[in-house]
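Chains, contacts and geometry: an overview
Listed below are the residues making up each chain.
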Amino acid sequence: MSRVGESATLKVARRALALKRQGVDLVDLGAGEPDFPTPQVAVEAACAALRDGFTKYTAGSGTPELRGAVAEQFRARFGSPWSAAETVISVGGKAGLFEIAMAIAEPGVEIVLPSPCWVSLPAQIELAGGTPVLVPTSPDDGFALHADALLAATTERTRAILINSPSNPTGGLISPPELRALVEGAAARGLLVIADETYARLVYDGARIATVAALAAEFPDSVALAGSFSKTYAMTGWRVGYVLGPPELIAAVENVQSHVTSNPTSFAMIGALAALEHAEPEVERMLAIYQERRDFLVPRLNAIPGLTCAPPGGAFYAFPRATGAFAPGRSTSVELAEFLLEEARVAVVPGSAFGADDHIRLSFATSLEELGRGIERISAALARSNAIA
Ligand code: PLP
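Residues numbered from 1 in each chain as written. Predicted model: local features only at pLDDT ≥ 70, side-chain atom pairs only at ≥ 80, totals over all residues. Heavy atoms only, no water.

Overview of the sheet that holds strand β6 (residues 192–196)
Read from one edge to the other, the open sheet built from 7 strands follows the order β2-β8-β7-β6-β5-β3-β4, with strand pairing classed as mixed. The sheet is open, and its two borders are formed by β2 (87–90) and β4 (131–136), each paired with just one other strand. The mean inter-strand angle of the sheet, taken between neighbouring strand axes irrespective of direction, is 20°. The sheet contact formed by strand β3 (residues 110–115) and strand β5 (residues 158–164) spans 3 bridges and is parallel. Looking across to β5, one finds that Glu110 is bridged to Thr158. (Pairing = 2+ DSSP bridges. Helix = DSSP H or I, 4+ residues; strand = E, 2+ residues; numbered from the N terminus. Axes fitted to C-alpha atoms, helices over the stretch in contact; angles between N-to-C directions.)

Structural notes on the side chain of Ser385
Here Ser385 is to be found in helix α12 (residues 368–388). We classify Ser385 as buried; its relative accessible area is 17%. Among the polar contacts made by the side chain of Ser385, one reaches the side chain of Arg330 at a distance of 3.0 Å. Discounting chain neighbours no more than four positions away, the residues touching Ser385 are Arg330 and Phe339. (Buried < 20%, exposed > 50% of the residue type's maximum accessible area, 1.4 Å probe, protein only. Polar contact = N/O pair within 3.5 Å; in protein donor to acceptor, adjacent residues only side chain to side chain. Contact = heavy atoms within 4.5 Å.)

A short note on the nonpolar core
Counting 48 residues, the largest nonpolar core has Leu66, Val70, Ile161, Ile163, Leu179, Leu182 and Phe229 as its most contacted members. With 6 residues, helix α9 (residues 266–278) is the largest single contributor of residues to this core. Other than its neighbours up to four places away in sequence, Val70 contacts Thr87, Ile89, Phe229, Tyr242, Leu244 and Leu276. Membership of the second largest hydrophobic core comes to 46 residues, among which are Leu26, Tyr290, Val334 and Ile375. (Core = buried A, V, L, I, M, F, W, Y, C linked by side-chain atoms within 4.5 Å.)

As for empty space enclosed by the protein
Applying the stated rule across the entire model yields 4 cavities of 30 Å³ or more. If you add up the space inside the largest cavity, you get close to 90 Å³. Taken together, Leu97, Ile100, Ala101, Ile104, Ile111, Leu121, Gln124, Ile125, Leu162 and Ile194 form the lining of the largest cavity. Looking at the lining of the largest cavity, the elements with two or more residues in it are α4 (92–104) and α5 (120–127). Top element by residues in the lining of the largest cavity is α4. It accounts for 4 residues. Its residues assigned to classes, the lining of the largest cavity comprises 9 nonpolar, 1 polar and no charged. Class assignment of the residues belonging to the lining of the second largest cavity gives a composition of 8 nonpolar, 4 polar and no charged. (1 Å grid on protein atoms, 1.4 Å probe; cavity = no way out; pocket = protein on both sides within 12 Å on 5 of 7 lines; lining within 4 Å. Points joined across faces, edges and corners; volume = space filled by probe spheres on them. Nonpolar A, V, L, I, M, F, W, Y, C, P; charged D, E, K, R; others polar.)

Brief notes about the environment of Thr323
Positionally, Thr323 belongs in the loop between β9 (317–318) and α11 (333–344). What makes Thr323 partly exposed here is its relative accessible area of 29%. Sequence-wise, Thr323 and Thr308 are 15 residues apart; in three dimensions their C-alpha atoms are separated by 9.1 Å. Ignoring anything within four residues of it in the chain, the contact list for Thr323 reads Gly306 and Asp358.

Re the packing of helix α10 (residues 280–302) against α12
The N-to-C vectors of α10 and α12 enclose an angle of 5°; their axes lie 10 Å apart at closest approach. As the angle between them shows, α10 and α12 are arranged roughly parallel. Only Leu368, Leu371, Gly372 and Ile375 of α12 make contact with α10, whose side of the interface consists of Glu292, Arg293, Phe296, Leu297, Arg300 and Leu301. Tallied by class, residues from the contact of α10 with α12 come to 6 nonpolar, 1 polar and 3 charged. (Parallel < 35°, antiparallel > 145°, perpendicular 65-115°, else oblique.)

Focus on the domain arrangement of the protein
Split by domain assignment, the protein resolves into domain 1 (8–31 + 281–382) and domain 2 (56–278). Relative to domain 2, the C-alpha centre of domain 1 lies at a distance of 27 Å. On the side of domain 2, 26 residues touch domain 1, which itself brings 23 residues to the contact. Between domain 1 and domain 2, a total of about 2000 Å² is buried, with carbon and sulfur atoms accounting for 62% of that surface. On the domain 1 side of the interface with domain 2, the three residues burying the most area are Val283, Ala315 and Phe354, jointly 25% of the side's total. The interface formed by domain 1 and domain 2 includes 2 salt bridges. The partner of Arg201 in a salt bridge is Glu284, with the nearest N and O atoms 3.6 Å apart. (Domains from an automatic or database assignment. Buried area = accessible area lost by both parts, 1.4 Å probe. Salt bridge = Lys/Arg side-chain N within 4 Å of Asp/Glu carboxyl O.)

Looking at the site of the ligand
Residues in close proximity to the ligand total 14 residues, the closest being Gly93, Asp196, Ser228, Ser230 and Arg239. Between Asn168 and the ligand, the recorded distance is 2.8 Å, taken from a side-chain N or O atom to an oxygen atom. Within the side chain of Thr198, an N or O atom sits 3.4 Å from a nitrogen atom of the ligand. Compared with its free state, where it exposes 400 Å², the ligand has 92% of that area covered by protein. Take the shell around the ligand: its biggest share by element is 4 residues, from α4. The residue inventory of the shell around the ligand, partitioned by class, reads 3 nonpolar, 7 polar and 4 charged. (Near = heavy atom within 4 Å. Areas by Shrake-Rupley, 256 points an atom, 1.4 Å probe, with all protein chains shown as cover.)

Side note on α9
Spanning 13 residues, α9 covers 19 Å between terminal C-alpha atoms, matching the ideal 18 Å at 1.5 Å per step. Ser266, Ala268, Met269, Gly271, Ala272, Leu273, Ala274, Ala275 and Leu276 are the residues of α9 that are buried. Where α9 is buried, its residues meet α2 (40–51), α3 (64–78), β2 and α10. (Expected span 1.5 Å × (residues − 1).)

In structure tokens:
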């Protein structure tokens, strides 16, 4: 456990919670979850399942119906070869990713991944005994992922390359040609590409999503996909995710899951199946609203002296470079986040949580009104403090 430690950012999160509990009027741009309610069709299906007594253990890797429906969705959309047998339903995407880490990492094994990255990805590799090898991405090209840089970081100790597109926190994407080059290069080296596609349905400007599902028929031994119902369907609390990949990996993931969580919650899987089958119009509606919020937030962030923000290609986070807003006493992202909490009453996440101390993360999974209030408060607090300085 000492390998992962407690994050300094938790201090900021705890303080935000304490202020909220005291009734302080906070604008919360810290949360990493949709503000929309779960689609009603999922709620109704889960309630009916509860009433019908679907409340016992299920098969360890999930209900056959949900495994089959997830596999079929990827087959229909992207031609992937995975069947229900190569699909494990996990307790959220997070448990699925952890089970993959447990299945492939051990002391001496390196897993290459882009940075900045979601805090749990390197932590899970470390918990499994492996070594995360971070490859920087740059705000200059919107934190795009590049095959060459990722492949160049591999050594004889590397077992896999773990990508997350769209990325939390950067919103950066891998393009379809870059993904193909990455998978080709990985396959040639006998490596696995694991794609965390938790935000795959949230891409903007009509961009075509690059998914390993589209390459799985061609490279069946070299790609694995982890995904989730959480962000796509506003189902964060339900804890339903999935892993698809080569039979050997899936068997290992099933073994780990059988000892750690057993099946995901029975009736939550019924709700997830209903969402998958019937909530597509709501996914489209939410995506259009996120796009509107991103287009509202990003230019306003850039108008604040000291912040520079590339428009995120996906997910629902803005990740501005914030060093221009640093000052004596707020010369790290944690100190800037503390300043914004105390002086602007706006909660953001310090970039250091993701390995990028020059940045802060603001979630736009909240209303335009809240985003507007947040922007006003941040600009006013920075202007006040600059005037005093
Ligand atoms: N992957 C990324 C990049 C995330 O940001 C998250 C959640 O924040 C997850 C995976 C896991 O989400 P869940 O466990 O809710 O499916």
